[in-house]
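Chain by chain, the residues run as shown.
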Amino acid sequence: MKEQLEKIEAKAKQELVSCSEIKALDELRVRYLGKKGELTAILKQMGSLSPEERPVIGQLANKVRADIEEALSSRLAALKSEAQAAKIREEAIDITLPGKKISYGKFHPLTKVENEIREIFMGMGFDIADGPEIDDDYHVFEALNLPPDHPARDTQDTFYIAGTNEKILLRTQTSSVQVHVMENRKPPIRIISPGRVFRSDAVDATHSPLFHQIEGLVVDKGITMSDLKGTLETLMKKIYGNECSLRFRPHHFPFTEPSCEVDISCFNCGGKGCSMCKDEGYIELLGAGMVHPKVLENCGIDSNIYSGFAFGIGLERTVMGRYDINDLRLFYENDVRFLEQF
Ligand SMILES: [Zn+2]
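Going along each chain's sequence as written, the residues are numbered from 1 onward. Totals for whole chains, interfaces and linings use all residues, but because this is a predicted model, local features are given only for residues with pLDDT of at least 70 and pairs of side-chain atoms are given and counted only at 80 or more.

Comments concerning the packing of helix α2 (residues 22-33) against helix α4 (residues 53-91)
Here, axes are lines fitted to C-alpha atoms. For helices the fit covers the stretch in contact, and angles between N-to-C directions go from 0 to 180 degrees. Runs of E in the DSSP output that reach at least two residues are strands. Runs of H or I that reach at least four are helices, and both are numbered from the N terminus. Close contact between α2 and α4 brings their axes to 10 Å; oriented N to C, the two are set at 175°. On the basis of their axis angle, the class for α2 and α4 is roughly antiparallel. Taking contact as the criterion, the partners of Ile22, Leu25, Leu28, Arg29, Tyr32 and Leu33 in α2 are, on α4, Arg65, Ile68, Glu69, Leu72, Arg75, Leu76 and Leu79. When its residues are assigned to classes, the contact of α2 with α4 shows nine nonpolar, no polar and four charged. Each angle gets one of four labels, with under 35 degrees taken as roughly parallel, over 145 as roughly antiparallel, 65 to 115 as roughly perpendicular, and the rest as oblique. By definition, residues are in contact whenever their C-beta atoms, placed on the basis of the backbone, come within 7 Å of each other. Polar here means any residue other than Ala, Val, Leu, Ile, Met, Phe, Trp, Tyr, Cys and Pro, which are nonpolar, and Asp, Glu, Lys and Arg, which are charged; Gly is therefore polar.

What about helix α8 (residues 225-240)?
One less than the number of residues in a helix, times 1.5 Å, gives the span that helix is expected to have. Given a rise of 1.5 Å per residue, 16 residues ought to cover 22 Å, and the 22 Å separating the end C-alpha atoms of α8 matches this to within 8%. In this scheme every C-beta is placed from the backbone, and a residue whose C-beta has 20 or more other C-beta atoms within 10 Å is buried, one with 12 or fewer is exposed, and one in between is partly exposed. Inspection of α8 places Leu228, Thr231, Leu232, Leu235 and Met236 among the buried residues, and these make up the whole buried set. The arc that holds the buried residues of α8, viewed along the axis, is 120°, so those residues lie on one side. In this structure, α8 carries Ser226 and Gly230 as exposed residues pointing more than 90 degrees from its buried face. Where α8 is buried, its residues touch α5 (109-123), β6 (246-253), β7 (256-265), β8 (282-291) and β9 (307-314). Once α8 finishes, glycine 241 follows within two positions and takes phi at roughly 100°, a positive value. Directions from the helix axis toward the C-beta atoms define the arc.

Concerning the environment of phenylalanine 211
Along the chain, phenylalanine 211 falls in strand β5 (residues 210-220). Here the alpha-carbon distance between phenylalanine 211 and arginine 329, two residues 118 residues apart in the chain, equals 11 Å. Phenylalanine 211 has contacts with Val197, Gly314 and Glu316, leaving out every residue within four places of it along the chain.

So, to be careful, I would describe these as geometric facts and stop short of saying anything about function.
Written as structure tokens, this is what we have:
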């Protein structure tokens, strides 16, 4: 019986060492120490022992039980700490890894410069006016002194809405907003109107059937050409810097009298002459002039009391000059490599 006990202890300890799971450890405990366990089975045979042998074997059995229990609990502790260590290893955060980059997006260069221009004009006391992109012939042409047979209409060929007898069309210029504003408001008027305009042009490096203009209109008593010059100079110096200079050339527009085209000293060469400005030193930027008395009268404003100036800035051209962009199509192709640069 003594040998049996020693054998059980040795076997139990051996199995314990190779046991690597807490659950399996519990099964071992039941198998050796449980009510139907191997040790208990031997103790049940104690009755067959002689009175001398009984205490000796009893003592040994208790020692074996205690030893197995101790081995079980130390193995359990070891397995628990191993499990804990494994869990910590598994959940460890590598703080040396680079973080995930969050992309914030950016404003489109056209939007960015348009916002800047809005800010500049709001600083000068202008309101932002909105107008319809689909408008009628009267507001886009006729009220602006462009009767149906006027040759200047040819340069503003646009998209007409089918079935409207060419009376409803996509506006060719933001100047139509002037008419809407003057019909609904009394002077003093000080507005800019940024927006999309449309012409049936084929797409190339400098043309697109859709582009953007910023219209400006001021109507009040005693407005003169010098107010127009001062306003445009303030704007351009804020956009292109104090070194830039403007050049006003006489021109003809049906809706202004006198009319002018405004050039800016070349962004590239500063006025010396280069390939960008075709050796002129200046680049054409916008059209402007004093509002034609007939346009004022068409909108119910007395031209004997009031005068005004108006201008139309091409947004694409302004942004191309600002950032040295040589192809208009880049604005609409939505290539992220291009857009990311602004
Ligand atoms: Zn130049």
